[in-house]
Amino acid sequence: SNSLTFCLLQFSLSFGIQDDHKLSASELEEKYGTSINKGLSSSRAAEILARDGPNSLTPPKATPEIVKFLKQMVGGFSILLWIGAVFSWISFGIQFAQGAESPFDNLYLGVVLALVVILTGIFAYYQEAKSTNIMASFSKMIPQQALVIRDAEKKELPAEQLVVGDIVEIKGGDRIPADIRLISAQGCKVDNSSLTGESEPQSRSCDFTHENPLETKNIAFYSTTCVEGTATGIVINTGDRTVIGRIASLASGVGNEKTPIAIEIEHFVYLVAGVAISIGVLFFIISVSMRYKILDSIIFLIGIIVANVPEGLLATVTVSLSLTAKRMAKKNCLVKNLEAVETLGSTSIICSDKTGTLTQNRMTVAHLWFDNQIYSADTSEDQTTQPFDQSSPSWTALSKIVTLCNRAEFRPGQENLPIMKRVVVGDASETALLKFAEVILGDVMSIRAQNKKVAEIPFNSTNKFQLSIHETDDPNDKRFLLVMKGAPERILERCSTIMINGKEEPLDSEKAEAFQTAYMELGGMGERVLGFCHLYLPENEFPDTYPFDTDSMNFPTSNLCFVGLLSMIDPPRSTVPDAVSKCRSAGIKVIMVTGDHPITAKAIAKSVGIISATSETVEDIAKRLNIPVEQVNRREATAAVVNGMELKDMSLQQLDDILCNHSEIVFARTSPQQKLIIVEGCQRQGAVVAVTGDGVNDSPALKKADIGIAMGIAGSDAAKNAADMVLLDDNFASIVTGVEEGRLIFDNLKKTIAYTLTKNIAELCPFLIYIIASIPMPIGTITILFIDLGTDIIPSVALAYEKAESDIMNRRPRNKKKDRLVNEQLAVYSYLQIGIIQSVGAFVTYFTVYAEQGFLPSTLLGVRVDWENNAINDFEDSYGQEWTKYQRMYLQWTGYTAFFVSITIQQVADLIIRKTRRNSIFQQGLFRNKVIWVGIFSQIGIALILSYGLGHVTALNFIPLRFQYWFVAVPFAILIWVYDEVRKLFIRRYPGSWWDKNMYY
Amino acid sequence: MARGKAKDGDGNWKKFIWNSEKKELLGRTGGSWFKILLFYVIFYGCLAGIFIGTIQVMLLTVSEFEPKYQDRVAPPGLTQVPQVQKTEISFTASDSKSYEPYVKNLEKFLKDYSADQQTENIVFQDCGEMPTDYKDRGPYSDAQGQKKVCKFKREWLENCSGIQDPTFGYKDGKPCILVKLNRIIGFKPKAPVNDSLPAEVMAKYSPYLIPVHCAAKREEDADKIGTVEYYGMGGYSGFALQYYPYYGKLLQPRYLQPLVAVQFTNLTYDVEVRVECRAYGQNIQYSDKDRFQGRFDIKFDIRSS
């Protein structure tokens, strides 16, 4: 299906345009029934609008709210609880029909269970709605206007009302309102980055230049922008039928994969539900064969289900994830889908864009060459000074050319902003030079004012140079200064001398050689190199009244003096190298995917560490050993730079081979469509893939990836819609902080689940022993719900705030198949060890309460039938005293409360031990996570309120408990802590031992 | 993430249950199972030891003779014999089968009250024929051996003693019930203050008596109850104080709690008649939640044929 998606994409895109790009203007007029001069008539336009619908993209089909809500009602454990509720109502019905004394208990229980499901469902729904709302803000777009010719008049219309056949005029700065076939264009350039991701403006004309409608120059696409010039065109596609519309609908066709955490939670739900159902059924059979009534057996079954299901856990997980999502949003990772939080943590490959993500997305002067020497310039984000040697007179000359031969200007009114943040009118290179000059020389604009420009030839592609002539600021020097910059080889051709240390020297072959070497070296670093030269025009030939004419070029443009080279690059963000090395130690492979030139891509990859200093590509090895590329042993090369053209001809096998055998990979000159292929290739390796993207064309790859990351600043709306996460600062380093948070939450969810599962055993054992030993019921179903949804909630959320035990970024990404969220060790340790200790502790309290009231443990065994018989009101205890039914019930509720309090007290210990899985609590610090203490106090506080505050509400079955019973379980709480410390000690002492393998979860 | 899921067929399940290559049962080899089982045997062994140990320690703090707390069992309940489901006595006077369970229940209960069961003078003490004051028998410990117990003569129950009429009046449609106050160790019921009682109860007042009185539960049933006869010690309808306090099963294993027999001699047939019996005393209370505290109610449904 992988390549199929790609083919489909290509096909459907081309299909939409048909061959409009090949037709002549008159053929087009005929085809669309329009006139280039008069446009459509309003009535005809209205007809077509009615036929085709408005010119806007249909938003992705949203699931109806009610369906979303109902899904929450039946997901996870809800089904089990519904079964419990239905059973409760059935047994109520039967008891009611039989006229039993207190059938309403079961009715209430059913209602409570249903309420639990509904409330947790509402909560989950609300959480999901909240995170969806964050994204809704992105899809809001400002209504766009378009200039249309209709009824032979120019009209400003909302772009939504455009129809096929409309004649529209566009100018620099406009967004293209629909897919347009151009019929006239003046210097029109468009920025197709929202479509292709390439931000280099492309020129547009009315000529048919390419068979492929996507490549031809006479079509402009919906949602791209016109950078400069003007054009007129016929609308050939609107709304969803535009190229963008097709991609958007295609992207929504790429199925959303389940997130790793969703799989883990599903796995966990199955596990717990499996345990619940099998124990439930087993004890149903046991109780039936022990001759309990079927009805009683059903009631036991409900109790077992309720005891086994951690009702509050899924809500807790949601809260923990959304807390992390909030934390990540602060670190500029906005998570759309809560589950993506963890996906980021299990990421094993990041396919990153270069421009804007790894780099600063602005040209910056990186190197200079003058006086036969290369100087490095500061390329950091907030350069304030430049440290290279500026004492040479050659630099003075060079700086003058840089300042004067430049048409870029700062927008006015930004004097207070740092230079690097000011907005500049002009292209990327000129902006770089302007800012560079401003940093070193200060006020460039006043320097230009002092050196008045008298003539200028702007850059064009035939000349490949830019030239201007200035008066000088030296009042004694009446000569004009001619300054020129352009492609280095072209500039050198025009020079006969070269400036060395301020002196003009003849340009001999040795000096030309030095120039070549420097030019190659700078070019080899992937930088864009410009040459600079000047000439002082002799005063006698060019007096100050000389009429310079740029058309006839009545001034010299050869035999100039070469001054130097400047090279520019879009430099890496300063935080990126660190982030890449973090990824490396975290076992995450970073693959660069860019549309840029391989040399530039490789240079940036090397400077940020995606290709490490010591590793070589096949080509590097060939060059070093001086052998043909074919003879190199491909296994020796750790790095690879793959060109998009090569990728096109590769089989899937070859791609897999590259992805498998090279640890450092750069894909250069790739189209956004190829990104999808790369992502699928990585996923075939079993990797969890994160992909960054900004263009509309990236959206299929973003959807396909396990986690799609859209750029918040540069990203298009379509990319943001397709992504799982939005990077607010477009910075690669933010992804890495996100990964860290994701890994932490996975660890912490493990702790939360271990904590929550433990007490389920302490809730379950009473039922089992009640059935088998026929003792009075130790804990009620409602009481269990108060633990699961009351005392336990805040502590389990508090574990989400736990700090990492060791450097989680020094670990390999988790193996999806092996490192489960809930593994055997976790379940077994929680259920069969800590859970059992808790049960024992709680039973000790239970027996203590009964013994001190007159029922010694031996008396309690086997009393269930008489104990629960309403007719027996003189039930004899161990001392010969007689109890009425109500007195016994009251004692039973006291037992419930005591059991509840004991579980709560031991859960405090459980909470403390769950802070770490390997380290001692004392290494982790008992007080570092303050929220844990909030959890502990809330737990005890809620228990106190339930026992003493609500102790008189009969329906809740809580009784004000004697104070000393709060402490009966304390020794067991201490036992839990000590035992767990011993466990961790052995795990640390004997790594890899039997103990480590069986006890570490 | 459906990728790779298809591979997990049922073949894997079978392999998980018994992997013949690695000789693994449920993912563990024999040796591994042995180790883990040994661990759990030791672990649960220790835990069982701790549990039994703590329970033993707890039991050391509890006296054999009296419970530590009695706040849940007091004030005492008032119960009747025969013990009936749904507190309903329903029979046909002419059909001995229909009242047999009640009669058997009464007979069984009164067995301990027969004269031949109260002959040992080491155990039993004659406490007179008239209500007198409490009989304190020293501390709640076995330092002085077992405590003596007051005799209660079955004959005092007259028509309801089952001596003359083994059917306790049921064959004549004049059913007897026995009323008793639940045993509570050390509890000394206090006789009521006289002006707080209904007139019928005042008729035979003694300062050493906890009177018992039965009346219609509902006003409209008042005329259906007919005459109610009470039999007890010295003809008093109540519990004499010399039977209190109770010293517990260990010190008074053969304790006889005082009884009052109530016979309904003229109940209306073929209707449900609700009767409520109450014991009266300063420290005997009634509760809405506990319908057997200090009182109970019982339904009679006597069918004429």
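Residues numbered from 1 in each chain as written. Chains lettered and ligands numbered in written order. Predicted model: local features only at pLDDT ≥ 70, side-chain atom pairs only at ≥ 80, totals over all residues. Heavy atoms only, no water.

**Points about the pattern of salt bridges**
Residue and element names in this part refer to chain B. One pass over the structure, following the stated rule, counts 59 salt bridges over all chains. As a salt-bridge pair, lysine 153 and glutamate 129 come within 2.6 Å of each other at their nearest N and O atoms. Here glutamate 129 lies in the loop between β6 (124–125) and β7 (149–150) and lysine 153 lies in the loop between β7 and β8 (176–181), a separation of 24 residues in the sequence. With a relative accessible area of 27%, lysine 153 lands in the partly exposed category. (Salt bridge = Lys/Arg side-chain N within 4 Å of Asp/Glu carboxyl O. Helix = DSSP H or I, 4+ residues; strand = E, 2+ residues; numbered from the N terminus. Buried < 20%, exposed > 50% of the residue type's maximum accessible area, 1.4 Å probe, protein only.)

**Some points on the UniProt feature "transmembrane region" (unreviewed entry) in chain A**
The sites that UniProt annotates as "transmembrane region" (unreviewed entry) are residues 73–94, 106–126, 268–286, 298–323, 826–849, 893–912, 932–951 and 963–979 of chain A. In residues 106–126 of chain A, helix accounts for 100% and strand for 0%; the two terminal C-alpha atoms are 30 Å from one another. (UniProt positions renumbered as here; feature names shortened; annotations may be inferred.)

**A short note on the interface of chain B and chain A**
Each partner contributes residues to the interface: chain B has 54 residues there, and chain A has 60 residues. Summed over both partners, the interface of chain B with chain A comes to about 4700 Å²; 54% of that surface belongs to carbon and sulfur atoms. Connecting chain B to chain A are eight salt bridges. Among the salt bridges present, the one from Glu852(A) reaches Lys68(B), with a minimum N-O distance of 3.2 Å. Along the contact surface separating chain B from chain A lie 25 residue pairs in polar contact (both at pLDDT 80 or more). Residue assignment for the side of chain B that touches chain A shows that the elements contributing at least two residues are α2 (30–60) and β8 of chain B. (Contact = heavy atoms within 4.5 Å. Buried area = accessible area lost by both parts, 1.4 Å probe. Polar contact = N/O pair within 3.5 Å; in protein donor to acceptor, adjacent residues only side chain to side chain.)

**Side note on empty space enclosed by the protein**
Counting across every chain of the model gives five cavities of 30 Å³ or more. Each pocket or cavity is described by its volume, and for the largest cavity that value is around 60 Å³. Across the lining of the largest cavity, the residue classes break down as three nonpolar, five polar and one charged. (1 Å grid on protein atoms, 1.4 Å probe; cavity = no way out; pocket = protein on both sides within 12 Å on 5 of 7 lines; lining within 4 Å. Points joined across faces, edges and corners; volume = space filled by probe spheres on them. Nonpolar A, V, L, I, M, F, W, Y, C, P; charged D, E, K, R; others polar.)

**Digging into the sheet that holds strand β25 (residues 707–711) of chain A**
All names here are of chain A. As summarised here, the arrangement of the eight strands in space is β8-β26-β25-β24-β9-β21-β23-β22, forming an open sheet in which the pairing is mixed. Each of the sheet's edge strands pairs with one partner strand only, and the pair in question is β8 (333–335) and β22 (639–643). Pairs of neighbouring strands in the sheet enclose a mean axial angle of 20 degrees, with direction left out of account. Note: β8 against strand β26 (residues 725–727), three bridges, orientation antiparallel. Across the sheet, residue cysteine 333 finds its bridge partner in β26, namely leucine 727. Here helix α11 (residues 313–330) sits on the sheet in contact with β8 and β26, set at roughly 145 degrees to β8. (Pairing = 2+ DSSP bridges. Axes fitted to C-alpha atoms, helices over the stretch in contact; angles between N-to-C directions.)

**Some words on helix α10 (residues 294–308) of chain A**
For α10(A), built from 15 residues, the straight-helix expectation of 21 Å at 1.5 Å per residue is met to within 8% by its first-to-last C-alpha distance of 21 Å. Most of α10(A) is tucked away: 13 of the 15 residues are buried. (Expected span 1.5 Å × (residues − 1).)

**Structural notes on the state of the cysteines**
Within the structure shown, the criterion is met by three disulfides over all chains. Disulfide pairing is shown between Cys160(B) and Cys176(B); the S-S distance is 1.9 Å. One disulfide, between Cys160(B) and Cys176(B), carries an S-S torsion of -75 degrees and so falls in the left-handed class. In this pair, Cys160(B) is assigned in the loop between β7 and β8 and Cys176(B) in strand β8, connecting sequence segments 16 residues apart. Here Cys160(B) falls in the buried class, since its relative accessible area comes to 0%. Overall, Cys176(B) belongs to the buried group, its relative accessible area being 1%. One disulfide in the model links Cys214(B) with Cys277(B); its S-S distance is 1.9 Å. Across the disulfide from Cys214(B) to Cys277(B), rotation about the S-S bond amounts to roughly 105 degrees, and the bridge is consequently right-handed. With a gap of 63 residues between them, Cys214(B) in strand β9 (residues 209–216) and Cys277(B) in strand β13 (residues 272–279) connect regions that are remote in the sequence. In chain B, the bonded cysteines, numbered by position in the sequence, are linked as 1-2, 3-4, 5-6. Cys226(A) provides the cysteine sulfur closest to Cys188(A), a residue in no disulfide bond, and the two sulfurs are 4.0 Å apart. (Disulfide = S-S within 2.5 Å.)

**Thoughts on the side chain of Arg154(B)**
Residues and elements named next belong to chain B. Mapping arginine 154 onto the fold places it in the loop between β7 and β8. Judged by relative accessible area, arginine 154 falls into the buried class, the value being 6%. Within the structure, the side chain of arginine 154 is placed 3.1 Å from the side chain of serine 114, a separation counted as a polar contact. Excluding residues that lie within four positions of it along the chain, arginine 154 makes contacts with Glu107, Leu110, Lys111, Tyr113, Ser114, Ser161, Gly162, Ile163 and Phe168.

**Some details on the environment of Arg422(A)**
All names here are of chain A. Inspection of the secondary structure puts arginine 422 in the loop between β12 (409–410) and β13 (424–425). Sequence-distant contacts of arginine 422, that is, excluding residues within four places in its chain, are made with Phe410, Gln414, Glu415, Leu417, Lys435 and Glu438. From its side chain, arginine 422 meets the backbone oxygen of glutamine 414 in a polar contact 3.3 Å long.

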